[in-house]
Amino acid sequence: MKISKKKVSLTLYIVSITLMFSVWLFVVLVSKRFIFSGEGIGVYSVLVYYAAALGSAFLWWVSYLFSKNRRLSIIYWLIFFALTVFIALQPTWWAAPGISS
């Protein structure tokens, strides 16, 4: 059975977007109480997101090497920048804020 480059490329593309979006969603869901109160997200959430974004960009790059699909590249980078701008514009706290009952 021969696997085509196009199928491998599409699979890696889907995995890269799924990885980035799922980590973004995880960060937002974990920090939603702080985001809605205007306190932002923690520094470790930012670190986890950027580590996942770097891994996702690497998967996209490998995908792009197999099949140079410019349309999918534009879609990927628009999603990447939209999610990253949302994370980057959140206030980041360097220690856990006081949690009161």
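In what follows, the structure referred to is the one given above.
Cut-offs used in this document
Residues numbered from 1 in each chain as written. Predicted model: local features only at pLDDT ≥ 70, side-chain atom pairs only at ≥ 80, totals over all residues. Heavy atoms only, no water. Axes fitted to C-alpha atoms, helices over the stretch in contact; angles between N-to-C directions. Helix = DSSP H or I, 4+ residues; strand = E, 2+ residues; numbered from the N terminus. Parallel < 35°, antiparallel > 145°, perpendicular 65-115°, else oblique. Left-handed = near helix turned anticlockwise from the far one by under 90°. Contact = heavy atoms within 4.5 Å. Nonpolar A, V, L, I, M, F, W, Y, C, P; charged D, E, K, R; others polar.

**Some thoughts on the packing of helix H1 (residues 5-36) against helix H3 (residues 70-88)**
For step 1, the next point in the chain: Direction vectors running N to C along H1 and H3 enclose 15°, while the axes themselves pass 11 Å from each other. On the basis of their axis angle, the class for H1 and H3 is roughly parallel. Helix-helix and strand crossings are classified by hand; for H1 and H3 the assignment is left-handed. Here H1 contributes Leu10, Tyr13, Ser16, Ile17, Met20, Phe21, Trp24, Val27 and Val28 to the contact with H3, which in turn contributes Leu72, Ile75, Tyr76, Ile79, Phe80, Leu83, Phe86 and Ile87.
For step 2, the next point in the chain: Classifying every residue of the contact of H1 with H3 by side-chain character gives 16 nonpolar, one polar and no charged.

**Here we look at the environment of alanine 53**
For step 1, the next point in the chain: If you trace the backbone, alanine 53 turns up in helix H2 (residues 43-66).
For step 2, the next point in the chain: Alanine 53 sits 32 residues away from valine 85 along the chain, and the two C-alpha atoms are 12 Å apart.
For step 3, the next point in the chain: With sequence-adjacent residues up to four places away left out, alanine 53 is seen in contact with Tyr76 and Phe80.

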